[in-house]
Amino acid sequence: MIILAALAALAAGPARAQERAPRRPPLPAAADSNDWEAYYDAGVEWLNQRHQVDAEAAFYWASRLEPRRAEPFFARWAAAWARDAERFGRYLEQDPNKPLPPEMERIDSLRYRALLRNPLVFQGLIIAAYIELPGRFRDDPWTHAWLAYGTLDFQNALASFELALSRNPDRYGDEARFMRATTYVALHQLDSAAVELDTLLARLRRREEEHVTHIYESKALLYYAMGLLQASRRDQTAARTAFERALIEDLSFYPAHIALGQLNFGRDPVGSLRELEQAAAGGASDPEARYEYGAALVRAKRVPEGTAELRAAIGLEPYFADPYFWLGEGLLAQGDSSAALATFQTYVARCSARASQLVTARARVTALQRSREE
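Residues numbered from 1 in each chain as written. Predicted model: local features only at pLDDT ≥ 70, side-chain atom pairs only at ≥ 80, totals over all residues. Heavy atoms only, no water.

1. Observations regarding the pattern of salt bridges
- All chains considered together, the criterion is met by 27 salt bridges.
- The partner of Glu37 in a salt bridge is Arg354, and the shortest N-O contact between them spans 2.4 Å. Remark: Arg354 occurs in the loop between helix H19 (337–350) and helix H20 (358–373) and Glu37 occurs in helix H2 (residues 36–48); sequence separation between them is 317 residues.
- In this structure, Arg69 engages Glu71 in a salt bridge whose closest nitrogen and oxygen atoms are separated by 2.6 Å.
- Note on Arg69: relative accessible area 35%, which makes it partly exposed.
- Taken together, the shared-partner salt bridges connect Asp84, Arg87, Glu103 and Arg106 into one network. (Salt bridge = Lys/Arg side-chain N within 4 Å of Asp/Glu carboxyl O. Helix = DSSP H or I, 4+ residues; strand = E, 2+ residues; numbered from the N terminus. Buried < 20%, exposed > 50% of the residue type's maximum accessible area, 1.4 Å probe, protein only.)

This is the structure we're talking about:
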């Protein structure tokens, strides 16, 4: 199954491979070049027009501007395969029990980074790679399901995934259930998505009870997905339970620590910081984990520790604007007004026009400049 197989790669952590940054592709004049969605939307349009190189560059910059979102990382994965159909064909033929060649592994790591952020991210852009393959699509329910899903025909996708599952449950049972859950999320039918995940988790538990194996199939990512669903449904109790189950499955699964830290911040500030500290330790090379812990520390008045974490987040991803805001707040609290001013100015220069903290940051800049002039 695509999700369970991903866990082996996730165990090694999401360390960033050395990447050579492509040039930023030009956006329409009215677009906000600090907004990840502007690049993502442009990338989708270019991918649909089969301009894969421009699309890949746009998705790259979307992921740099907003590393907390899953969509740009998954889109980068799809565009990289679409750009080289021969390589994609070799990838599809790879033995799943053998390691991928380094170049394919680098591309596949983008999907794993997307799943860490949102296991239920829309996956339909991969159709752009399939249409580059020579020959015709197969005439079977599984292929029909993916074609329908990739073209946003979600009702037909649901029916075809179910048909594939019923005809060959051993081959398609796990992934078909998961893809039905993902399809229901795309339809904003979260209750139905939760039912599909529940069914899949029950299937995996039953398999464990019936077959003793030496390799334990961790369900951490699926419980994490369930927690995100329940949080979207505003059922915080169910979300908390699911995130805790994810950590019972795998205590090192740091995205669940982030989710619990965010969920518990108003209810249990001490427990929240503890969760975020574990997330930062487990995701030391992930700017999101370091940022969330650093911002929480600054809000909790543990400023020296917080600014250190925020500087680490900026070092990992300097184009990510939000750490600059909280670093500015921390520097202001420490009385370093000159450094705070420069940091808030950097935030204003790098954040999108719709950033929620932009008004506050501009006010900080104005006040600090005025105090310097007095």
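There is more to say, and it comes next.
2. Points about the packing of helix H18 (residues 322–333) against H20
- Two elements in contact, H18 and H20, have axes separated by 11 Å at closest approach and are oriented at 40°. Like other packed secondary-structure pairs, H18 and H20 cross with a definite hand, here left-handed. On H20, the residues that touch Phe325, Glu329 and Leu332 of H18 are Thr360, Ala361, Arg364 and Leu368.
- Looking at side-chain class alone, the contact of H18 with H20 contains four nonpolar, one polar and two charged residues. (Axes fitted to C-alpha atoms, helices over the stretch in contact; angles between N-to-C directions. Left-handed = near helix turned anticlockwise from the far one by under 90°. Contact = heavy atoms within 4.5 Å. Nonpolar A, V, L, I, M, F, W, Y, C, P; charged D, E, K, R; others polar.)

3. A word on the packing of aromatic side chains
- With the rule as written, the count across this model stands at 24 aromatic pairs.
- An angle of 40° between the planes, with centres 4.9 Å apart, marks the rings of Phe122 and Tyr149 as tilted. With Phe122 in the loop between helix H6 (102–117) and helix H7 (127–130) and Tyr149 in helix H8 (residues 141–150), the pair connects residues that are 27 residues apart, well separated along the chain.
- Accessibility expressed as a relative area gives 27% for Phe122, which makes it partly exposed.
- A relative accessible area of 0% places Tyr149 in the buried class.
- With 5.8 Å between their ring centres and 70° between their planes, Phe325 and Phe344 make a pair best called edge-to-face. With Phe325 in helix H18 and Phe344 in helix H19, this residue pair connects regions lying 19 residues apart in the sequence. Considered together, Phe325 and Phe344 belong to a single accessibility category, that of buried residues. (Phe/Tyr/Trp six-rings, centres within 6.5 Å; stacked < 30°, edge-to-face > 60°.)

4. Quick look at helix H9 (residues 154–167)
- For H9, which comprises 14 residues, the first-to-last C-alpha distance of 20 Å matches the rise-based estimate of 20 Å (1.5 Å per residue) to within 8%.
- Those residues of H9 that fall on the buried side of the exposure criterion are Phe154, Ala157, Leu158, Ser160, Phe161, Ala164 and Leu165. (Expected span 1.5 Å × (residues − 1).)

5. What to know about the nonpolar core
- Core analysis: the largest hydrophobic core is formed by 85 residues, its most contacted members being Trp81 and Leu197.
- Counting residues per element, this core draws most heavily on helix H4 (residues 71–82), at nine residues.
- Leaving out residues up to four positions away in the same chain, Leu197 has contacts with Leu120, Phe178, Ala181, Leu222, Ala225, Met226 and Leu229.
- Grouped together as the second largest cluster of nonpolar side chains are 23 residues, Leu310, Leu331, Ala361 and Leu368 included. (Core = buried A, V, L, I, M, F, W, Y, C linked by side-chain atoms within 4.5 Å.)

6. So, the side chain of Lys219
- Among the secondary structure elements, Lys219 is positioned in the loop between helix H11 (190–210) and helix H12 (220–232).
- With a relative accessible area of 1%, Lys219 lands in the buried category.
- The residues touching Lys219, leaving out its near neighbours within four places in the chain, are Leu201, Leu204, Arg205, Glu208 and Glu249.

7. Side note on H12
- Look at H12: 18 Å from first C-alpha to last across 13 residues, which is about the 18 Å you get at 1.5 Å a residue.
- Judged by how many residues are buried, H12 sits mostly within the fold: 10 of 13 residues are covered.
- Turning to H12, its buried residues are Ala220, Leu221, Leu222, Tyr223, Tyr224, Ala225, Met226, Gly227, Leu229 and Gln230.
- One or two steps after H12, the chain reaches Arg234, where phi turns positive at roughly 65°.

8. Looking at the confidence of the model for the protein chain
- Per-residue pLDDT for the protein chain averages 91, and the proportion of residues at 70 or more is 93%.
- This stretch, residues 7–18, has a pLDDT under 50; its non-local contacts, to residues over four places away or in other chains, come to 18 contacts. (pLDDT = per-residue confidence, 0-100.)

9. Considering the environment of Tyr254
- Checked against the element boundaries, Tyr254 lands in helix H14 (residues 254–264).
- Classification of Tyr254 as buried rests on a relative accessible area of 6%.
- Taking the C-alpha atoms as reference, Tyr254 lies 9.7 Å from Ala284; in sequence the two are 30 residues apart.

10. Remarks on unusual backbone geometry
- Notably, Leu152 is not glycine yet its phi reads approximately 65°, a positive angle.
- Mapped onto the secondary structure, Leu152 falls in the loop between H8 and H9.
- With a phi close to 60°, His188 is a non-glycine residue in the positive phi region.
- Within the element layout of this structure, His188 appears in the loop between helix H10 (169–186) and H11.

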